[in-house]
Amino acid sequence: MVPRDFHPLSAAEPPFFVGIDLGGTNIKSGVVDNAGHILGYAHLKSEVERGPEKGAGRMAEAASQAAAKAGIDLSDVTHAGLVTPGTMDTAAGMLLEPPNLPGWSNFPIRDRVSEHTGLPVAYANDANAAAYGEFWIGSGSVYSSMVMLTLGTGVGGGIITEGQLLDGANSHGGEIGHMIIDSSADARVCACGGQGHLEAYCSATGLTARAIEAINSLPESEQKPLGPREALTPLVLHQAAESGNAFAERMILETARYLGVGITTLLHILDPAAIVLGGAMNFGGATNPIGQKFLSTVSDEIRSRALPIPAEHAALHFATLGGDAGFVGAAGIARLHYQNKE
Ligand SMILES: [Zn+2]
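From a predicted model like this one, the values you see are computed outputs, not experimental measurements. (Residues numbered from 1 in each chain as written. Predicted model: local features only at pLDDT ≥ 70, side-chain atom pairs only at ≥ 80, totals over all residues.)

1. With respect to the overall build of the protein
- In terms of regular secondary structure, the protein is built from 11 helices and 12 strands.
- Along the longest, intermediate and shortest principal axes, the C-alpha atoms of the protein span 65 × 45 × 40 Å.
- The 342 residues of the protein split such that 47% are buried.
- Taking the intrachain contacts of the protein between residues at least 6 apart in sequence as the baseline, contacts between residues at least 24 apart amount to 64%. (Helix = DSSP H or I, 4+ residues; strand = E, 2+ residues; numbered from the N terminus. Buried ≥ 20, exposed ≤ 12 C-beta atoms within 10 Å, placed from the backbone. Contact = placed C-beta atoms within 7 Å.)

2. With respect to the domain arrangement of the protein
- Along its sequence, the protein is carved into domain 1 (9–124) and domain 2 (139–320).
- Here the C-alpha centroids of domain 1 and domain 2 sit 29 Å apart. (Domains from an automatic or database assignment.)

3. Section: the sheet that holds strand β4 (residues 79–84)
- Taken together, 5 strands build an open sheet; the order of strands is β3-β2-β1-β4-β7 and the sheet is mixed. Each having just a single partner strand, β3 (38–45) and β7 (121–125) make up the two edges of the open sheet. If you compare each strand with its neighbour and ignore which way they point, the axes differ by 15° on average.
- As judged from the 5 bridges shared by β4 and β7, these two strands associate in the parallel manner. When the bridges of β7 are listed, L82 appears paired with Y123.
- Contacting β1 (17–22), β2 (26–32), β3 and β4, helix α1 (residues 52–70) crosses the sheet at an angle of about 145° to β3. (Pairing = 2+ DSSP bridges. Axes fitted to C-alpha atoms, helices over the stretch in contact; angles between N-to-C directions.)

4. Topic: the sheet that holds strand β12 (residues 315–318)
- Spatial strand order, β10-β9-β8-β11-β12: 5 strands in an open sheet with mixed pairing. Single-partner strands in this sheet number two, and they are β10 (164–165) and β12.
- Where strand β8 (residues 146–151) lies against strand β9 (residues 155–161), 6 bridges are found, and the strand directions are antiparallel. Residue pairing for β9: L149 is matched across the bridge by G157.
- Running at roughly 50° to β9, helix α3 (residues 126–137) makes contact with β8, β9, β10 and β11 (274–278) of the sheet.

5. A closer look at helix α8 (residues 246–270)
- Look at α8: 35 Å from first C-alpha to last across 25 residues, which is about the 36 Å you get at 1.5 Å a residue.
- Looking one or two places after α8, you find D271, whose phi comes out positive at around 50°. (Expected span 1.5 Å × (residues − 1).)

6. What about the pairing of β2?
- Among the 7 residues in β2, 6 count as buried, and that is most of the element.
- Pairing between β1 and β2: 6 bridges, direction antiparallel. Bridge pairing in β2 places I20 opposite S29.
- What sits between β1 and β2 in their antiparallel hairpin is a turn of 3 residues.
- Looking at chain direction, β2 and β3 are connected through 7 bridges and run antiparallel. By the bridge assignment for β3, K28 is matched with H43.

7. Here we look at α3
- For α3, with 12 residues, the first-to-last C-alpha span of 16 Å sits near the 16 Å given by 1.5 Å per residue.
- In terms of burial, α3 is a largely internal element, 12 of the 12 residues being buried.
- Within α3, burial applies to D126, A127, N128, A129, A130, A131, Y132, G133, E134, F135, W136 and I137.

8. Here we look at the nonpolar core
- One finds V18, I20 and A63 to be the most contacted residues of the largest nonpolar core, which totals 102 residues.
- Residue assignment places this core across two domains, with domain 1 (9–124) and domain 2 (139–320) each supplying three or more. (Core = buried A, V, L, I, M, F, W, Y, C linked by C-beta atoms within 7 Å.)

9. Some points on unusual backbone geometry
- Backbone torsion omega between P14 and P15 reads 0°, so that peptide bond is classified as cis.
- Here P15 is to be found in the segment before β1.
- Cis geometry is adopted by the peptide bond preceding T87, which originates at G86 and carries an omega value of 10°.
- Note that T87 resides in the loop between β4 and β5 (88–89).
- For N106, which is not a glycine, the phi torsion comes out positive at approximately 50°.
- With respect to the helices, strands and loops of the structure, N106 is situated in the loop between β6 (94–95) and α2 (109–117).

10. A look at the pairing of β4
- With 6 of 6 residues buried, β4 lies mostly within the body of the structure.
- Burial along β4 is two-sided: H79, G81 and V83 and A80, L82 and T84, pointing in opposite directions, are all buried.

11. What about the environment of Y132?
- Within the element layout of this structure, Y132 appears in helix α3.
- Residue class for Y132 comes out buried when judged on the 33 C-beta atoms lying within 10 Å of it.
- Separated by 136 residues in sequence, Y132 and H268 place their C-alpha atoms 21 Å apart.
- The contact partners of Y132, leaving out residues within four places of it in the chain, are G158, I160, L165, G329, G332 and I333.

The following block contains the structure:
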C-alpha cells in the first residue's frame, strides 16, 4: 500500500521528479526527490472509456494533485516520468495496441502528457518501471544489477544492468513472462497465444488453471475443503495451504519450481546480482510461512539447475514497494533521463 507519512519537503533533496503510472483502472502519481523519498501522492480513476486525450489531462491533474500534496507547484518539478502498459514504442512516445486501454491505440501519449503538464516526459513500460523502482529504492537498491519478475494476472518483468533499464530495439526488452520454459507439444498456452511461456505456469491465472485441472484427480473428500472451483484463486490456495492443506501447498510450490526454471535461464544469460519477485501473488511475502517456502523452493530449484557460481551468488528477494513501484520507477526514469541529459 501507499505510505501516508510522506518525507517532509524541508528535508527533501532537490531536484524533484513526478512519476505517473497509468493502469487500466487507476492513474497513480507521486512526487519523489533526488534521493527517492516520496513527498506526495495522488490517484485518480483512469476512465479509459473517455479516451486518451481526456486521459492525458487526467494524468496531468493527478500529477498536479501529487505536487500539491508535496507542498510544491507542478512547475517546481524538473522532469516527469510516464509509464503505461504496452504495446508501445517508447522511443516514439507512442501507445500502439494496448489490450488494457481499449480505444487508446496509436496515441502519442508522451507528448500529450508533456503538453498537459508543461514538463519534459520520459516514457517507459510499466513493468520495466516497477523493476527500476525496486532497483532504485526497494529491495534491489543495494545491488549493481537486478531482474524483477512481477507475478500477477500475467507475469511482467524488468531488467537493469549497469544502472540502466533494458528497453530493447522494439520496446519489448524484459518481457520475461513470455520466456519459453516448456517446448513440448502439450505445453500450456499463454494469454498471448504462445505455447509453453513462463506466464502460462507462474501467473495467478496459470496457477489457478493448473489447480482447477489437478483438483479433478483428487478424491471427493479432498476437493471439498477447497470450495467451489470457480472461486479458486491463489489467495484461496494460500489460505488453504496455511491451514495445512497439502494439495494447495503442492500447487503453490509447483509454481515456485516452474519459476526457478525460468530464473535459471535469466541467471545464465544476464548474471544479475539479484532477482526480485514482485506483484500481488507473493503468498504473504517474506514474513509468511508459505511465502518463505515459496521463496526457498524457487531458490532450491535454481541451485539444482543453474551453473554453480551464479546459483550461489544471485540474491533472491520479494519486492518491497508494492503498488508504489510503478510511480516511483516512473520518477526514477525521469531522473535517469534528466541525468543522462546533464
Ligand atoms: Zn506469452
